[in-house]
Amino acid sequence: MAAANAAKSQGLNVIILSGRPSSELEALSDVYICTPAGSFADRVQELHIKVLHILIELVERHFFTANYQSGD
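The numbers attached to residues start from 1 for each chain and follow its sequence in the written order. Note on the predicted model: pLDDT of at least 70 is required for a residue's local features to be given, and 80 or more for side-chain atom pairs to be given and counted; whole-chain, interface and lining totals, by contrast, use all residues. Side-chain calculation: all heavy atoms of the structure are included, whereas hydrogens and water are not.

**Q** Help me understand a nonpolar patch on the surface, please; the structure alone is not making it clear to me.
**A** Exposure above 30% relative accessible area and the lack of any salt bridge qualify a residue for a patch; like charges then connect within 9 Å, and the nonpolar side chains Val, Leu, Ile, Met, Phe, Trp and Tyr within 5 Å. Here the open area of atoms and residues is found with the Shrake-Rupley method and a 1.4 Å probe, where only the protein chains shown may cover a residue. By definition here, a salt bridge exists when the distance from a side-chain nitrogen of Lys or Arg to a carboxyl oxygen of Asp or Glu is within 4 Å. Judged by side-chain polarity, Leu17, Leu52, Ile54, Leu55, Ile56 and Leu58 come together as a nonpolar surface patch covering roughly 520 Å² of accessible area. Helix and strand definitions here come from DSSP, where helices need a minimum of 4 consecutive H or I residues and strands a minimum of 2 consecutive E residues; each element is numbered from the N-terminal end. Here the element with the most residues in the nonpolar patch is helix H3 (residues 41-63); it accounts for five residues.

**Q** I tried to follow the environment of Ser29 on my own but got confused; where do I start?
**A** As for its placement among the helices and strands, Ser29 is situated in the loop between helix H2 (23-28) and strand S2 (31-34). Owing to a relative accessible area of 14%, Ser29 belongs among the buried residues under this scheme. Spatially, the C-alpha atom of Ser29 lies 7.4 Å from that of Asn13, the residues being 16 residues apart in sequence. Buried residues are those whose accessible area, probed at 1.4 Å on protein chains only, stays under 20% of the maximum for their type, while exposed residues exceed 50% and partly exposed ones sit between those limits.

**Q** Help me out: how do you make sense of the side chain of His48 in this one?
**A** With respect to the element layout, His48 can be found in helix H3. Of note is the side chain of His48, whose polar atom sits 3.0 Å from the side chain of Thr35. Apart from residues lying up to four places away in sequence, His48 is in contact with Leu17, Ser18, Gly19 and Thr35. In protein, a polar contact means a hydrogen-donor-capable atom and an acceptor-capable atom, both N or O and within 3.5 Å, with residues adjacent in sequence counting only if both atoms are side-chain atoms; elsewhere, any N or O pair within 3.5 Å suffices. Between two residues, a contact is recorded if the distance between any of their heavy atoms is within 4.5 Å.

See below:
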């Protein structure tokens, strides 16, 4: 909560990757990605890894379009 509030106070966008729904955190975020997987932290972390890999590929496709023009 403190980190999200500090970022907001500096005019930054807040992206939250969470393992459980939280109306308080969601209200502070510009993007809220929730991957609920029960009470097992390792399962939540596995899902977060997948989400991060997808986000990285989207960023790469945006900034390095020439690497993806061969039909991939």
